[in-house]
Amino acid sequence: MVVGVKTVVQVKLRPDAGQACALEATLRTVNEAACWVSAVAFERRVFREYALRRHAYGELKARGLGSQAAQHVIKKTCHAYATLRANIKAGNLGRPGSKRRVKAESRPVRFRPDAAQPFDDRCLSWQLDTSTVSIWTTAGRLRGIPFACSPDALKTLTRYRQGESDLLHRDGAWYLYATCDVPEAAQYEPSGFLGVDLGIVNIATTSDGAIMAGRKLNRYRRRQRDLRRKLQARHTASARRLLAKRCRKEARFARDVNHYIAKKIVTEAERTSRGIALEDLGGIRERVRLRKPQRVTLSSWAFAQLGSFIGYKALRAGVPVVYVDPAWTSRTCADCGHAGRRNRVSQALFTCRNCGVVAHADRNASRNIAARGKVAWDAGRESRAPATARHGQRLDAAASITASDALAASSVLQDRVS
Ligand SMILES: [Zn+2]
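The shown structure was predicted, so the numbers you read here are calculated from the model rather than taken from an experiment.

Definitions and cut-offs
Residues numbered from 1 in each chain as written. Predicted model: local features only at pLDDT ≥ 70, side-chain atom pairs only at ≥ 80, totals over all residues. Heavy atoms only, no water. Patch = residues over 30% accessible without salt bridge, like charges linked within 9 Å, V, L, I, M, F, W, Y side chains within 5 Å. Areas by Shrake-Rupley, 256 points an atom, 1.4 Å probe, with all protein chains shown as cover. Salt bridge = Lys/Arg side-chain N within 4 Å of Asp/Glu carboxyl O. Helix = DSSP H or I, 4+ residues; strand = E, 2+ residues; numbered from the N terminus. Donors = N, O, S within 2.8 Å, 3.2 Å for Na, K, Ca; no water. Tetrahedral: all angles 85-135°; square planar, octahedral: opposite > 155°, others 65-115°. Buried < 20%, exposed > 50% of the residue type's maximum accessible area, 1.4 Å probe, protein only. Lys, Arg positive; Asp, Glu negative; His and termini not counted. Charge placed at Lys NZ, Arg CZ, Asp CG, Glu CD. Contact = heavy atoms within 4.5 Å. Pairing = 2+ DSSP bridges. Phe/Tyr/Trp six-rings, centres within 6.5 Å; stacked < 30°, edge-to-face > 60°. Lys NZ or Arg CZ within 6 Å of the ring centre and 35° of its normal.

Engineer: Could you clarify how one ought to interpret a nonpolar patch on the surface in this entry?
Structural biologist: On the surface, Val345, Leu349 and Val358 cluster together into a nonpolar patch covering about 250 Å² of accessible area. Along the polypeptide, valine 345 turns up in the loop between strand S12 (321-324) and strand S13 (349-351).

Engineer: Hey, could you run me through the coordination of the zinc ion in this one?
Structural biologist: Around a metal, the ideal angle is 109.5 degrees if four donors adopt a tetrahedral arrangement and 90 or 180 degrees if six donors adopt an octahedral arrangement. Summarising the metal site, the zinc ion is bound by the protein donors Cys333 (SG), Cys336 (SG), Cys352 (SG) and Cys355 (SG), whose distances to it range over 2.3 Å. Seen from the zinc ion, its 4 donor atoms lie at angles of 105 to 114 degrees, and the figure they make is tetrahedral. Of note, the donors binding the zinc ion are all from one chain and are spaced C-x2-C-x15-C-x2-C. Here the residue cysteine 336 occupies a position in the loop between S12 and S13, and cysteine 355 occupies one in the loop between S13 and strand S14 (358-360), the gap between them amounting to 19 residues.

Engineer: Looking at this structure, how should I read the pattern of salt bridges?
Structural biologist: Two side chains with opposite charge may pair up if their charged atoms get near one another. Within this structure, the stated rule accounts for 16 salt bridges. With its nearest N and O atoms 3.2 Å apart, the salt bridge here joins glutamate 59 to arginine 63. By relative accessible area, glutamate 59 is classed as partly exposed at 34%. Of the charged contacts in the structure, one is a salt bridge between lysine 75 and glutamate 164, with a shortest N-O distance of 2.6 Å. With lysine 75 in helix H3 (residues 67-89) and glutamate 164 in strand S6 (residues 161-170), this residue pair connects regions lying 89 residues apart in the sequence.

Engineer: Teacher, can you tell me more about unusual backbone geometry here?
Structural biologist: Excluding glycine, a negative phi dihedral is what most residues carry, and trans is how most peptide bonds are arranged. Even without being glycine, histidine 235 reaches a positive phi, approximately 55 degrees. Tracing the backbone shows histidine 235 in the loop between helix H6 (215-232) and helix H7 (237-271). A positive phi is found at tryptophan 328, a non-glycine position, where the angle reads about 65 degrees. Looking at the element boundaries, tryptophan 328 is found in the loop between S12 and S13.

Engineer: Explain a positive patch on the surface to me, please; I cannot follow it from the model alone.
Structural biologist: Taken together, the side chains of Arg215, Lys216, Arg219, Arg222, Arg223, Lys245 and Lys249 make up a positively charged region of the molecular surface. Within the residue set of the positive patch, elements represented by two or more residues are H6 and H7. For the positive patch, the leading source of residues is H6, giving 5 residues. Summarising the element assignment, arginine 219 is placed in helix H6.

Engineer: Please explain the environment of histidine 72 as it appears in this structure.
Structural biologist: Mapped onto the elements of the fold, histidine 72 is located in helix H3. Each C-alpha atom, one on histidine 72 and one on glutamine 117, is 7.9 Å from the other, the two residues being 45 residues apart in sequence. Beyond its immediate sequence surroundings of up to four residues, histidine 72 is in contact with Gln117, Pro118, Phe119, Asp120 and Glu164.

Engineer: Quick question: what am I supposed to make of the pairing of strand S11 (residues 275-279) here?
Structural biologist: Side-chain direction in a regular strand flips from residue to residue, so the side chains alternate between the two faces of the sheet. For S11, the buried fraction is high: 5 of the 5 residues fall into the buried class. Burial along S11 is two-sided: Gly275, Ala277 and Glu279 facing one way and Ile276 and Leu278 facing the other are all buried. Sheet topology places strand S8 (residues 193-198) next to S11; 4 bridges connect them, and they run parallel. Directly across from leucine 194, in S11, lies its bridge partner isoleucine 276. Here S11 runs beside S12; their pairing, made up of 4 bridges, is parallel. Residue pairing in the sheet places glutamate 279 in a bridge with valine 324 of S12.

Engineer: How should I be thinking about the pairing of strand S9 (residues 202-206) in this particular structure?
Structural biologist: For S9, the buried fraction is high: 5 of the 5 residues fall into the buried class. Examined bridge by bridge, S8 and S9 share 3 bridges and lie antiparallel to one another. Across the sheet, residue valine 196 finds its bridge partner in S9, namely threonine 206. In sequence, S8 turns back onto S9 through a hairpin of 3 residues. Looking at chain direction, S9 and strand S10 (residues 211-213) are connected through 3 bridges and run antiparallel. Looking at the pairing, alanine 204 lines up with methionine 212 of S10. Where S9 hands over to S10, the hairpin turn is made up of 4 residues, of which glycine 209 adopts a positive phi near 100 degrees.

Engineer: I tried to follow the packing of aromatic side chains on my own but got confused; where do I start?
Structural biologist: A ring pair, where both rings are aromatic, is described by two values, the distance of the centres and the angle of the planes. Inspection of every chain in the model, using the stated rule, returns 5 aromatic pairs. Between tryptophan 126 and phenylalanine 147 the ring centres are 5.5 Å apart and the planes differ by 75 degrees, which places this aromatic pair in the edge-to-face class. Separated by 21 residues along the polypeptide, tryptophan 126 in strand S3 (residues 124-127) and phenylalanine 147 in strand S5 (residues 140-148) bring together distant segments of the chain. Assessed through its relative accessible area of 13%, tryptophan 126 is described here as buried. When the ring of tyrosine 220 is compared with that of phenylalanine 253, the centres are 4.0 Å apart and the planes differ by 20 degrees; the resulting orientation is stacked. One end of the pair, tyrosine 220, is in helix H6; the other, phenylalanine 253, is in helix H7, and 33 residues separate them in sequence. The buried category is assigned to tyrosine 220, whose relative accessible area is 10%. Owing to a relative accessible area of 24%, phenylalanine 253 belongs among the partly exposed residues under this scheme. Positioned over the ring face of phenylalanine 42 is arginine 45, at 5.0 Å from the centre of the ring.

The structure is reproduced here in structure tokens:
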């Protein structure tokens, strides 16, 4: 069995004015239909796709939806209820009886007029040689809509696109999120390990001495935070909209940075036939919790995202990854092995109280991580991501395929694929 890594490739559509109108009308129509199906599901307490089809399919066809579109609308509605159930179960809406939860449970799920809509191969076809798509709309089939994406993304689309794509309208632009099933490469036997220390001041430091500084990202975040404060103080609907837009923009920016860093690290390990050693994600979160003043600078999701990007890019390239115990990596001397609290003089500086070596703190830590990676590998541990991290990544990828709201999809957007 070939195991694949689910990846979402984003392309930007460039419809002309007439085509954009048709796309907009289509999203509006299918989402109105989805709201109607949702009400039926809620009233009759029928949330399974097959059962719901009996109640809704005929009416949807009568409303002028094609059979594919009708089925997708029903499926999308079922997924939305499944997501709601999962959120309630995970406690994301508070305890039983809380205001948010009661509100969510007491009425049908609603869809925004521009909520994302899935299209399968019968409703959407790709002409990759001319970078155009042809797509079903309520105004008939539109042919030859140009799309734009990076050369890497185009390569991935050509080789691995499979199944459904989501049509999305976000901040005035049109996108397709295409699902790609990229096979894992065969893993090689590593000759040594590249240790990677993830941090806040320096986003990533490798045991080779490469330092990816977070100055630019942190400066950007501070500026965004100041802007956010001003907007929050206004309490108007337009300020709220702007705020949401800014949040998305910031997340996109951080994601791009993470993609760039992850790609660099994986490429370097592959080039030198080494494996990658990372600290266990749980440990990273632990550390974020400890450094209180900096917690606002970088939220833990960005850490987890970088870890998961490195993980899946490595998987795809056949680069072995091991996750090591993070305890004392920053307070142990990589040269003599002496461990002591006083070894770490400051955020940036490491001075060994035993052998006197002076080193860049993150670099010293990354060398310890590399050494632990080798020990773990030699001890015969499988080079697999911790079950939770990997499971989480796949869940995200799977969720994005059926994402009924843009937010869920954009958090797992992986457009710059290598
Ligand atoms: Zn030492």
